[in-house]
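# Structural features, examined
Now for the letters of each chain:
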Amino acid sequence: MSDQPAALPDEGSGRPAARPTPVIRPRPTVDETRATKAILIGTAVAFLALFVVLPLIAVFAEAFRRGVDHYLESFADPDTQAAIRLTLTVAAIAVPLNLVFGICAAWAIAKFEFPGKSLLTTLIDLPFSVSPVVSGLVFVLLFGAQGYFGKWLAAHDLQIVFAVPGIVLATVFVTFPFVARELIPLMQEQGTAEEEAALTLGASGLRTFLTVTLPNTKWALLYGVLLCNARAMGEFGAVSVVSGHVRGLTNTMPLHVEILYNEYNFVAAFAVASLLAGLALVTLLAKSVLEWRYGDALGRTRLY
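About the criteria used
Residues numbered from 1 in each chain as written. Predicted model: local features only at pLDDT ≥ 70, side-chain atom pairs only at ≥ 80, totals over all residues. Heavy atoms only, no water. Salt bridge = Lys/Arg side-chain N within 4 Å of Asp/Glu carboxyl O. Helix = DSSP H or I, 4+ residues; strand = E, 2+ residues; numbered from the N terminus. Buried < 20%, exposed > 50% of the residue type's maximum accessible area, 1.4 Å probe, protein only. Expected span 1.5 Å × (residues − 1). Contact = heavy atoms within 4.5 Å. Core = buried A, V, L, I, M, F, W, Y, C linked by side-chain atoms within 4.5 Å. Phe/Tyr/Trp six-rings, centres within 6.5 Å; stacked < 30°, edge-to-face > 60°.

### Considering the pattern of salt bridges
Oppositely charged side chains may form a pair once their charged atoms are brought near each other. If you walk through the whole model with that rule in mind, you get seven salt bridges. The partner of Asp79 in a salt bridge is Arg247, and the shortest N-O contact between them spans 3.0 Å. Here Asp79 is found in helix H3 (residues 78-111), whereas its partner Arg247 is found in the loop between helix H13 (237-243) and helix H14 (253-262), with 168 residues between them in sequence. Here Asp125 ties to Arg181 by a salt bridge, and the two come within 2.9 Å at their closest N and O atoms. Note that Asp125 is positioned in the loop between helix H4 (117-124) and helix H5 (126-129) and Arg181 in helix H9 (residues 177-190), a separation of 56 residues in sequence. Take Asp125: its relative accessible area is 27%, and that puts it in the partly exposed class. Classification of Arg181 by relative accessible area gives buried; the value is 10%.

Shown next, in the form of structure tokens:
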């Protein structure tokens, strides 16, 4: 027997009129009571307020505790200015390097098959599982005075550890997964059909990448750059090991905050910390805008 509803006669025309097809509404997969929803939402909000919102408020409140004038005076200190410049310089070097590496690694993993592909994917995730302190110690072991390359570097008057190059290397190491991990799943989802069509039409590999692959991943790429930049400016563990804590020379903003706090200069410490927090909030705002405007393109990139 047919499951369709029987036709009814249409008055005046003598022809049967079909009944309207009933709309079948899918039942929600989760049907919780209002009390349960309120408890879950309240728990989440309370947790975020206690561990995220309140600490941020405390940072800004302590920074402005003695007024705006003292807050601004904290940034007049030459050591503080040097820490800000070094942080921005390191981020300006590390982020473009990771941008190039992330694009190349993601393109190779998503578009090609080659021996060692799974190993490369595993190595990209390595900084997520290795402590930043251990990462810094690795560079000390390699480039320190007693390291494997220490004598050669000393003979050529080159210094990596306890200098800016070591800070850049440590920052690059702890931040290189972010761009690649944003691009890999999206490129895999898109496949290779469009690239193959472009190559068939006579486009070169570089032109195919610039006109087909890159435009299709630009928002995920920008998202990865934002995350990479935020981590680069806020990195503490690995940079602390390789920097040597030379005040005014190798102290980034996170390291300078620690020094000021240990000296009981709380206003200056929280002033610099508020600058870092402000940069983090700007990054979060940009991230939210990207997710709101281009959620469909970014939704497929969430693997962690």
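### Digging into the environment of Trp219
Within the fold, Trp219 resides in helix H12 (residues 218-234). In this structure the C-alpha to C-alpha distance between Trp219 and Glu291, which are 72 residues apart in sequence, comes to 9.2 Å.

### Focus on helix H6 (residues 132-143)
The end-to-end C-alpha distance of H6 is 17 Å, a good match for the 16 Å that twelve residues give at a rise of 1.5 Å each. Where H6 is buried, its residues touch helix H8 (164-175) and H13.

### Details of the nonpolar core
Membership of the largest hydrophobic core comes to 22 residues, with the highest contact counts inside it found for Ile124, Val179, Leu183 and Ile184. The contact partners of Ile124, leaving out residues within four places of it in the chain, are Phe101, Ala105, Ile109, Phe176, Pro177, Ala180, Arg181 and Ile184. Core analysis: the second largest hydrophobic core is formed by 15 residues, Met253, Val257, Ala268 and Ala273 among them.

### What to know about the packing of aromatic side chains
Evaluation of the coordinates by the stated rule reveals 14 aromatic pairs. The interplanar angle of 90° and the centroid separation of 5.7 Å between the aromatic rings of Phe128 and Phe178 together place this pair among those described as edge-to-face. Within this pair, whereas Phe128 is found in helix H5, its partner Phe178 is found in helix H9, the two being separated by 50 residues in sequence. On the basis of relative accessibility, which here comes to 10%, the residue Phe178 falls in the buried class. Here Tyr261 and Phe270 contribute two aromatic rings whose centre-to-centre distance is 6.4 Å and whose plane-to-plane angle is 80°, an arrangement assigned as edge-to-face. Ring pairs connect the aromatic residues Phe101, Phe139, Phe143, Phe149, Phe173 and Phe176, which therefore count as one cluster.

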